[in-house]
Amino acid sequence: MNALAIESIGLIAPGLSGWENSRPVLAGEQPYHAAPIPATIATLLPANERRRTTATVKLALQVAQEAMVSMSLNNKHANHAGTTHPSSLSEEGNMCVRTVLASSGGDSEVLDKICVTLTEPDRMVSPTQFHHSVHNTPAGYWAIATGCTLPSLSLSAYDGSFAAGLQEAAALAWTEEARVLLVAYDLPLPFPLSERRMIVAPFAVALLLNPMTTTQRLTLLRLKPGEIQSADRLNHAGLEQLRTGNPAARSLPLLCAIAQLKTGSVALDAGHETILNMEVTP
Amino acid sequence: MAIKPLAITAYTVTNALGRGTAASLTALRNGQSGLRPCDFEDAGLPTWIGRVADVEDEPLTGKFAAFDCRNNRLARLALEQDGFAATVRQARDRYGTDRIGVFIGTSTSGIGATEHAYRDRDPATGSLPETFDYRHTHNLFSAADLTRRWLGLTGIALAVSTACSSSAKVFASAFRHMSAGFCDAAVVGGVDSLCLTTLYGFNALGLASTQVCRPWDSTRDGLNIGEAAGFALLEWAKPGDGRMRLLGYGESSDAYHMTAAHPEGTGAALAMEQALARAELRPAQVDYINLHGTATPLNDAAEDKAVLRVFGSNTPCSSTKGWTGHTLGAAGIIEATFVWLCLEHGFIPGTLNTRQPDPSLGAGIVLRNQEQAAQVAMSNSFGFGGTNCSLLFGREKT
């Protein structure tokens, strides 16, 4: 089976603000506290656009931005070629990569507003709400922000969305022999949908995948789908609650393994009674 | 080197023209539109729609009762046409239940169930009715989940949701998963059903026409929303199998605007060029293009520029939206099935309802059906968010 290097990671969730900050927590070296997510995220978007977009778009773009900037910084560092800043993201030619976005439910805040409007007598759906209602809205904003015309695919597989996204991204990276940015995100649904679909907290993660097994990597990944086993659980109750309470957080056993510099196997819950197995090597 | 071709070994389509491929073929041949003045639920909108008859009367029951909503009823109806489900179950016995992937495109899934639930909220608490099942109706994965369960498949399954390119991109996704060895065959498809969200949404954007849609017409003023479901079984082609093949695909992002297509059709042209490159075909080798052709003034103008740039004005092209309306996330798969029907039966469909082609548009628009044996055809699908996908199909050269 082909391998993939994970070159960089973007991460945001309560108490997990950025990959570098979170690494000691995920490695078990520091305690986990579910602190609120910072208010200003996704600074790649122009301020006026950032105000108009939803929490979902901002969460997805924040981790995409973090992963791309981090990769760029790593490469600059490796090349001793100076520094870069988040604001220069869109000007960086190598920031343009194929993307896969995975989310169980997309932007339920927008869908809730539309469904409320449709119960009102005149049903005046807001044009802005409607064009934000498509699942690929974050992908559209990301393409506009980066000026990147490479393909993007947005998908859902309910609780298996992260695993499906990882397989789609891996298959895309191998087929195209090119880097792929995987972004997985889900947010709590607003009431009353929250009564029928429990997502406990916002969680977004981005993995920059490289089909070349570069040494500039956090880990090397080999997917082994199809083998039956149970999914890895997390020792910390708070992190385990996140893992089972948000489809994007099904990625946590992989993130913990990377933080721990683990060599060995990881089993992720891939939804609908399936498991995605993989081997990791730092 | 051209991509390893995929064979389409079974397919089916259900839309406003009727259930199964024969209904679509007959209507395409006879120039009968499936469009009607909007009579969906209580939507009092002055527009036309492509509604599938009697979906209301066939609920999902028994162990599939949790999935019951318009979108999944439509999916089930389609799966049972043309012997499609039976053919997939035979393939399942050959490949194994976990070796056939499921890739289903949808834009709005079963949001209609949520619309109904919001109407029936508890007046005191605001809660949704107990009968509402978000996971199996509204969630984007529900039609893919129904499909895998209906067919008894246990391997990779996902919903592609990139607005109106969704069920074109499922072909590219399936190709990649098969190439990576994640599955040995694939059920691809698309399902989107009428709902108030899209009817009122497109109306709010001023994109829903009050007449039948007229793609490429000088008086075109918008689209008609339709609903449809279609499915195909993809297996690696074998020499001499005589099957229809996926020869190439191209995908791109506009990186321009959330709803407006790039005015120069840049992204659309990229998708078409990539499909040609993957198939190792020159533009002149393509005999027919099934356009996205929604009949909104700007979309058709942008696609026209893209077609002109890649193909010039001689390649015959048409939009079949005048038969079915714009079926959004199902448009990719149903227009792929139209391409296969036309290639198999030796005709190029015209552009129904269009009377006077817009003189400012230059693509080789075909107004009336032409009897013509085509070998290779392209299907275009473009969506909100600037997502573009072009597919190339053809028979094995003999």
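Note that the structure is a prediction, hence the values are computed from the model and not measured.

S.K.: Tell me about the side chain of His177(B), and please be specific about residues and values.
M.R.: By secondary structure assignment, the location of His177(B) is in helix α6 (residues 166-179). The class of His177(B) is buried, set by a relative accessible area of 0%. Within the structure, His177(B) has its side chain in polar contact with the side chain of Glu168(A) (distance 2.9 Å).

S.K.: Let's hear about unusual backbone geometry: which residues, and what values?
M.R.: Residues and elements named next belong to chain A. Between Phe 191 and Pro 192 the backbone carries a cis peptide bond, its omega angle lying at 5°. Examined against the element boundaries, Pro 192 turns out to sit in the loop between β5 (180-186) and β6 (203-210). Its identity is not glycine, yet Arg 123 carries a phi of approximately 50°, on the positive side. Position of Arg 123 relative to the elements: it lies in the loop between α4 (108-117) and α5 (127-131). Relative accessible area serves as the criterion here: at 10%, Arg 123 is assigned to the buried category. Residue Tyr 158 is not a glycine yet carries a positive backbone phi of 50°. Inspection of the secondary structure assignment puts Tyr 158 in the loop between β4 (152-156) and α7 (161-176).

S.K.: Give me the lowdown on the interface of chain A and chain B, citing residues and values where you can.
M.R.: Frequently, the measure chosen for interface size is the accessible area that the parts lose on association. Across the contact, 55 residues belong to chain A and 61 residues belong to chain B. Carbon and sulfur atoms make up 65% of the area that chain A and chain B hide from each other, which totals about 5100 Å². Among the residues of chain A in contact with chain B, Arg123(A), Phe130(A) and Arg196(A) are the three that bury the most area, contributing 15% of the side total. Connecting chain A to chain B are four salt bridges. Between the two partners, chain A and chain B, sit 18 residue pairs in polar contact (both at pLDDT 80 or more).

S.K.: Break down the sheet that holds strand β3 (residues 36-37) of chain B for me, with residues and values.
M.R.: Strand order in the open sheet formed by three strands is β3-β4-β8 (chain B), with mixed pairing between adjacent strands. Two strands bound the open sheet, and with one partner strand each, they are β3 and β8 (225-226) of chain B.

S.K.: Tell me about the packing of α4(A) against helix α4 (residues 111-119) of chain B, residues and numbers included.
M.R.: In the contact formed by α4(A) and α4(B), the axes pass within 9 Å of each other and the chain directions differ by 55°. By the angle between their directions, the pair α4(A) and α4(B) is classed as oblique. Crossing of α4(A) against α4(B): the hand is right-handed. Residues Leu111(A), Asp112(A), Cys115(A) and Val116(A) of α4(A) form the contact with α4(B), whose participating residues are Ile111(B), Thr114(B), Glu115(B) and Tyr118(B).

S.K.: Residue-level account of the state of the cysteines, with values.
M.R.: Under the criterion given, the structure shown has one disulfide over all chains. A sulfur-sulfur distance of 2.0 Å marks the disulfide that ties Cys96(A) to Cys148(A). Negative torsions about the S-S bond denote left-handed disulfides, and the value of about 75° found for Cys96(A) with Cys148(A) makes this one right-handed. One end of the pair, Cys96(A), is in the loop between α3 (55-79) and β3 (98-102); the other, Cys148(A), is in the loop between α6 (137-146) and β4, with 52 residues separating them in the sequence. Cys148(A) sits in the buried class, given a relative accessible area of 4%. With no disulfide partner, Cys195(B) has as its closest neighbouring cysteine sulfur the one in Cys115(A), 8.8 Å distant.

S.K.: Can you explain the pattern of salt bridges? Please cite residues and give values.
M.R.: All told, the structure shown has 34 salt bridges over all chains when counted by the stated rule. Note that Lys113(A) is salt-bridged to Glu109(A), the shortest N-O span being 3.5 Å. Residue Lys113(A) and its partner Glu109(A) are located together in helix α4, separated by four residues, close to a single helical turn. Classification of Glu109(A) by relative accessible area gives partly exposed; the value is 32%. Close ionic contact of Arg19(B) with Glu58(B) constitutes a salt bridge, the shortest N to O distance being 2.7 Å. Highlighted residues: Arg19(B) in strand β2 (residues 18-19) and Glu58(B) in the loop between β4 (48-50) and α2 (70-79), separated in sequence by 39 residues. Take Arg19(B): its relative accessible area is 30%, and that puts it in the partly exposed class. Taken together, the shared-partner salt bridges in this structure form one network comprising Arg36(B), Asp39(B), Arg51(B), Glu56(B), Arg70(B) and Glu227(B).

Rules behind the numbers
- Residues numbered from 1 in each chain as written.
- Chains lettered and ligands numbered in written order.
- Predicted model: local features only at pLDDT ≥ 70, side-chain atom pairs only at ≥ 80, totals over all residues.
- Heavy atoms only, no water.
- Helix = DSSP H or I, 4+ residues; strand = E, 2+ residues; numbered from the N terminus.
- Buried < 20%, exposed > 50% of the residue type's maximum accessible area, 1.4 Å probe, protein only.
- Polar contact = N/O pair within 3.5 Å; in protein donor to acceptor, adjacent residues only side chain to side chain.
- Contact = heavy atoms within 4.5 Å.
- Buried area = accessible area lost by both parts, 1.4 Å probe.
- Salt bridge = Lys/Arg side-chain N within 4 Å of Asp/Glu carboxyl O.
- Pairing = 2+ DSSP bridges.
- Axes fitted to C-alpha atoms, helices over the stretch in contact; angles between N-to-C directions.
- Parallel < 35°, antiparallel > 145°, perpendicular 65-115°, else oblique.
- Left-handed = near helix turned anticlockwise from the far one by under 90°.
- Disulfide = S-S within 2.5 Å.

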